Every structure is written in C-alpha cells, then in structure tokens.
Amino acid sequence: MKKILILLSVFFIFSCSGKDIQDYKVFYALDTVCRISLYDQGTDEIYKAIEQELLLTENLFNSHITNSEISKINSEAGKNPVIVSPETFNLVQKSIELWKSTEGAFNPALGPVISLWKIGSENPVVPDSDTIAEKLSLCNPDQIIINNENLSIFLNTPGMALDLGGIAKGFCAEQIKNICISEGITKGIIDLGGNIILIGEKKPGYPWTAGIRTPEENTFDAAISFSCKDKTIVTSGIYERFFIKDGVLYHHIFNPETGFPVENRLLSVSVISENSITADALSTAIFVMGLEKGMEYVKKIPGTEAVFITKENEIFTTAGIRENIIFVNPAYKIKDF
Ligand code: ADP
Ligand code: MG
C-alpha cells in the first residue's frame, strides 16, 4: 500500500500528451518508482539491461540491504577497511568531494543521524537531543579513509555509517543513460522517482517540456514548466518522505549541523545540469543551504540552473530557466531574487 502511495506522488510530470508515449517501462527500485521511456527505440533487451542496472545499484548502495557494499563498509566501521567495487569507490570519493565543495551541506557520513529518525519506515521517531548530538559526532566525512591503491574504504570510528541516499539515484540514472547511449537511443526519459535524465529532444527541433510538480498529494499538476533538452533535472523536496508528530512536520533532508530536518522556507529545490550525480547531491545540498545561500552558490557553478519553490507558493529560478519558462501555475508567483 505504501509503495502505491509513493507511486502516486512522483515529483515530476512531463507534459507530453499520452499519445506520445509509445514505449515505457515502470520498475520499483531504489525505494521509488522508476519510469523509463524509450519510445519506439526501446527493446526488451535494453529494458532488461536497465532493470539489471537498477538491481546492481541497489545491491551496491542501499544501506537497508545487509549485503550491499555500503552495509559492509558500515558494519566494519572502526574495525577493518573493506575492498569495494570501482563503482562504490568512485561514488564515495565523489561524495567526499561534494561534501567539501558544498561546505558540508551534502554529508555522505550522516548515516548515524538518518537511521535514528527512521523516516520512511512504519515507525518514525523524534529522537531526543542528546542522542542526536551523540550520533552527530560520528558524522564527520574526514574520518572516511579511502585507499585508491586497493580500492578500500574504512570508517575510522565505530558507529560511523555512510548514507548515499542523496546521490545514488543520480549515479544509477547516469549508468542507465550510458546503456541507452551505447545502444544508440537518441530520445528518452529516465525518471528514477524524480531524478530525471532527458536524452535528446521530443522530436527534431522540439525540446522537452519539463514540469516541476506542485506538492499537493495525488496530483500531477505542474507549478512551473520550461523547455529543456539533453539535461538532467533532479528535485529534492520535503513533501514526499515525512511524518507529522504533535503538529510538526519532520522530513528526510537533514541539516548536518543540527541533526534535525532542515527548517527553512523551501518546499523543493530542482537542479538542472549536465550530470545527474552532481545534480542529485547538489539538490540536497542547496536545499540545506536555503534560498539565499543556495541561490548564490548555484549561480557560481557553470552550466547549472535551479528552481526553488517556497512554502508561500513563490518560485525563484536562475536566469537560464527564466528565459525558457513555458507555463506558470496561476497559484504560484515567479519572484525575482
Ligand atoms: P530523494 O531521496 O527524495 O530523491 P534527496 O536526493 O534530497 O531526495 O535525498 C534525500 C536522502 O539523502 C535522504 O533520504 C537521506 O538518505 C540523505 N540525506 C538527507 N540529508 C542529507 C544531507 N544533508 N547530506 C547528504 N545526504 C542526506
Ligand atoms: Mg539528492
């Protein structure tokens, strides 16, 4: 039942008419609904390869799967280095780089804090502040020791844990894109629960129309749509995975300084760029930074655009999106930053 609810709340809609979609497949993986549309270029063989890739990513990075490589690294924390696949090694290395470049907003070592809250499970809890503080002291990525000679990863202190939930879908989307490109696919939409890659354009000379969904449950209305081709669009928002206790909403994007869900005026941040791995981590990080700091930050990254939606139904975008807007939902207001 829970899975069906998640299915209904996928972040992104694409304003193609139903008739355009001739060929797509839906998979449930990476804790979300993955919809791959390759139109008339999709073959059973390619979809099978994509399904395998989804399984592979799950088995490398899902910390809820006991035998995943990330789980092995976590269970050996403070004990032994773990030799991992080049995929895991590279993604952990990239995560540490992103931790540095986002000044700590993206933190791949937040596992101890994230698992405390159990958000997304049947029994989420609000932990007490002392426990949060204690776990937070185990979340320092400086204590991840990586060795590129034998591709091993060692968490230096017992109790440390990696959580790549903020970047794994971006990695998987890039892998799927590579499969598609090597198979000669020239047009497609890879949508891993709101982590999107657009391949090519809708038809020659016509870019895709990408819509960012409103937070209302069970609707696929766009708050804003814009034209886009050969790009990735990744959204981090607080209205998909959350729980409410004593009237307070607790969601799944954490402030690495406090160990509590981020509190600011944002509902979602979407990052539009060339690479889905960085876009995934950046959407989480920019959400943590908030509107002002996040906008300043994204403006400095070449080739990267962003859309911010606030709880007051305001939409702020970078210049590159602003000039490509197709539609703004009348319930929302475009604001200048
Ligand atoms: P979604 O998983 O909904 O696509 P995100 O890409 O923003 O959204 O990832 C949120 C996930 O990232 C959380 O479920 C958690 O696993 C992890 N996470 C939460 N806060 C942070 C953070 N500050 N830095 C890195 N990862 C985080
Ligand atoms: Mg992310």
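Counting from 1, residues in each chain are numbered in the order their sequence is written. Chain A is the first chain written and ligand 1 is the first ligand written, with later ones labelled in order. Restriction of local features to residues with pLDDT of at least 70 applies here, the model being predicted, together with a cutoff of 80 or more for giving and counting side-chain atom pairs; totals for whole chains, interfaces and linings are based on all residues. Heavy atoms from the whole structure form the basis of all side-chain values; hydrogens and water molecules are not counted.

A. Summary view of the overall build of the protein chain. Of regular secondary structure, the protein chain possesses 10 helices and 18 strands. The principal-axis extents of the C-alpha atoms in the protein chain amount to approximately 55 × 45 × 40 Å. Only protein chains enter the accessibility calculation, which uses a 1.4 Å probe. A residue is then buried if its area is under 20% of the maximum for its type, exposed if over 50%, and partly exposed in between. Sorting the 337 residues of the protein chain into buried and exposed places 53% on the buried side. Only heavy atoms matter for contacts: two residues are in contact if any of them lie within 4.5 Å across the pair. Excluding contacts between residues fewer than 6 apart, the proportion of contacts in the protein chain whose partners are at least 24 apart in sequence is 62%. Total accessible area on the protein chain stands at roughly 15,500 Å², and carbon and sulfur atoms take up 51% of it. Side-chain charges in the protein chain split into 30 positive and 42 negative, and the spacing between the mean points of these groups amounts to 4 Å. Here a strand is any run of E in DSSP of at least two residues, a helix any run of H or I of at least four, and the numbering for each starts at the N terminus. Residue exposure ignores everything except the shown protein chains as possible cover, and the areas themselves are Shrake-Rupley values with a 1.4 Å probe. Residues scored as charged are limited to Lys and Arg (positive) and Asp and Glu (negative), so that His and the chain ends carry no count. Charge positions come from single atoms, namely NZ of Lys, CZ of Arg, CG of Asp or CD of Glu.

B. Structural detail: unusual backbone geometry. Positive phi values are uncommon outside glycine, yet K118 reaches one of about 55 degrees. Not every positive phi belongs to a glycine, and D246 is a case in point at roughly 45 degrees. If you trace the backbone, D246 turns up in the loop between β12 (242–245) and β13 (248–251).

C. Expanded view of the packing of helix α7 (residues 168–182) against helix α8 (residues 276–289). An axis is simply a line fitted to the C-alpha atoms; with a helix, the fit covers only the stretch in contact. Between two such axes, the angle follows the N-to-C directions and lies from 0 to 180 degrees. Between α7 and α8, whose axes approach to 7 Å, the crossing angle comes to 160 degrees. With respect to each other, α7 and α8 are oriented roughly antiparallel. The interaxial crossing formed by α7 with α8 has right-handed handedness. Along the contact surface, α7 presents A168, K169, G170, F171, A173 and E174, while α8 presents S276, I277 and D280. Any residue outside Ala, Val, Leu, Ile, Met, Phe, Trp, Tyr, Cys, Pro, Asp, Glu, Lys and Arg is labelled polar, Gly included; the first ten of those are nonpolar and the last four are charged. Partitioning the contact of α7 with α8 into residue classes produces 4 nonpolar, 2 polar and 3 charged. The scheme is simple: roughly parallel for angles under 35 degrees, roughly antiparallel for over 145, roughly perpendicular for 65 to 115, oblique for anything else. For any pair of crossing helices, the crossing counts as left-handed if the nearer helix is rotated counterclockwise from the farther one by less than a right angle, and right-handed if it is rotated clockwise.

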